[in-house]
Amino acid sequence: MSRWGRVSAFGTVVLVALTLTFWNSDTPSLTDAAALDGAGLFQAKGCANCHDGPSSTARPGGAPSLRRAADWAGGRRPGMTAEEYVAESITDPAAFVSPAYAGGVPWMPALTVTQDEIDALVAYLLDHVG
């Protein structure tokens, strides 16, 4: 394995370890209307640990930035709207590997989210101005 291959593999291991440390897969669904705030969900569900968001900066690790998603999400996958693409990325992260992903093997935990939470996250990522 080349030097860069070892560095990439090490980086992937570190990213997975950090994610497991800071992301809680047992995060309960947030069901009351006040909790369906996309920015709050982005933090509560652990998204902000790995991804830069419209109003947050992640820990270093190489996960694609989700800032300005409205600028690129609609053109990412032919035949899909921006809303469909972002929702799919939340519910089935392995369905498409972002060209912005700089890591080796893509890895993102499956989130426990309701449809209302997905809708709130999509709205936050696509409609946030700031």
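You'll find the structure just up there.
Keep in mind it's a predicted model, so treat the numbers as computed, not measured.

Engineer: I'm lost on the packing of helix 5 (residues 82-91) against helix 6 (residues 115-127) in this one. Help?
Structural biologist: Each pair of packed helices can be described by the angle between their axes along with the distance between the axes. At a closest axis distance of 10 Å, the pairing of helix 5 and helix 6 adopts a crossing angle of 125°. Judged on the interaxial angle alone, helix 6 and helix 5 are oblique. Handedness of the helix 5/helix 6 crossing: right-handed. Two secondary-structure elements touch here, helix 5 through A82, E83, V86, A87, I90 and T91 and helix 6 through I118, L121, V122, L125 and L126. The residue makeup of the contact of helix 5 with helix 6, split by class, is 9 nonpolar, 1 polar and 1 charged.

Engineer: Any chance you could explain the nonpolar core here in plain terms?
Structural biologist: For soluble globular proteins, the rule of thumb is that nonpolar side chains tend to be buried together. By size, the foremost hydrophobic cluster in this structure holds 20 residues, and its most contacted members are F42, A73, V86, I90, V122, L125 and L126. Setting aside its immediate chain neighbours within four residues, L126 contacts A69, A70, A73, A82, E83 and V86.

Engineer: Just checking my understanding: could you explain helix 5 for this structure?
Structural biologist: Every α-helical turn comprises 3.6 residues, leaving residues that sit three or four positions apart pointing alike. Looking only at helix 5, the buried set comprises A82, Y85, V86 and I90. Down the axis of helix 5, the buried set is contained in an arc of 135°. They therefore lie on one face. Tucked into the core, helix 5 has its buried residues touching helix 4 (69-76) and helix 6.

Engineer: How do you make sense of the side chain of S56 when you look at a structure like this?
Structural biologist: Tracing the chain through its elements places S56 in the loop between helix 3 (47-50) and helix 4. Leave out the neighbours within four places in its chain, and S56 touches F42, Q43, A48, H51 and R67.

Rules of the game
Residues numbered from 1 in each chain as written. Predicted model: local features only at pLDDT ≥ 70, side-chain atom pairs only at ≥ 80, totals over all residues. Heavy atoms only, no water. Axes fitted to C-alpha atoms, helices over the stretch in contact; angles between N-to-C directions. Helix = DSSP H or I, 4+ residues; strand = E, 2+ residues; numbered from the N terminus. Parallel < 35°, antiparallel > 145°, perpendicular 65-115°, else oblique. Left-handed = near helix turned anticlockwise from the far one by under 90°. Contact = heavy atoms within 4.5 Å. Nonpolar A, V, L, I, M, F, W, Y, C, P; charged D, E, K, R; others polar. Core = buried A, V, L, I, M, F, W, Y, C linked by side-chain atoms within 4.5 Å. Buried < 20%, exposed > 50% of the residue type's maximum accessible area, 1.4 Å probe, protein only. Arc of directions from axis to C-beta.

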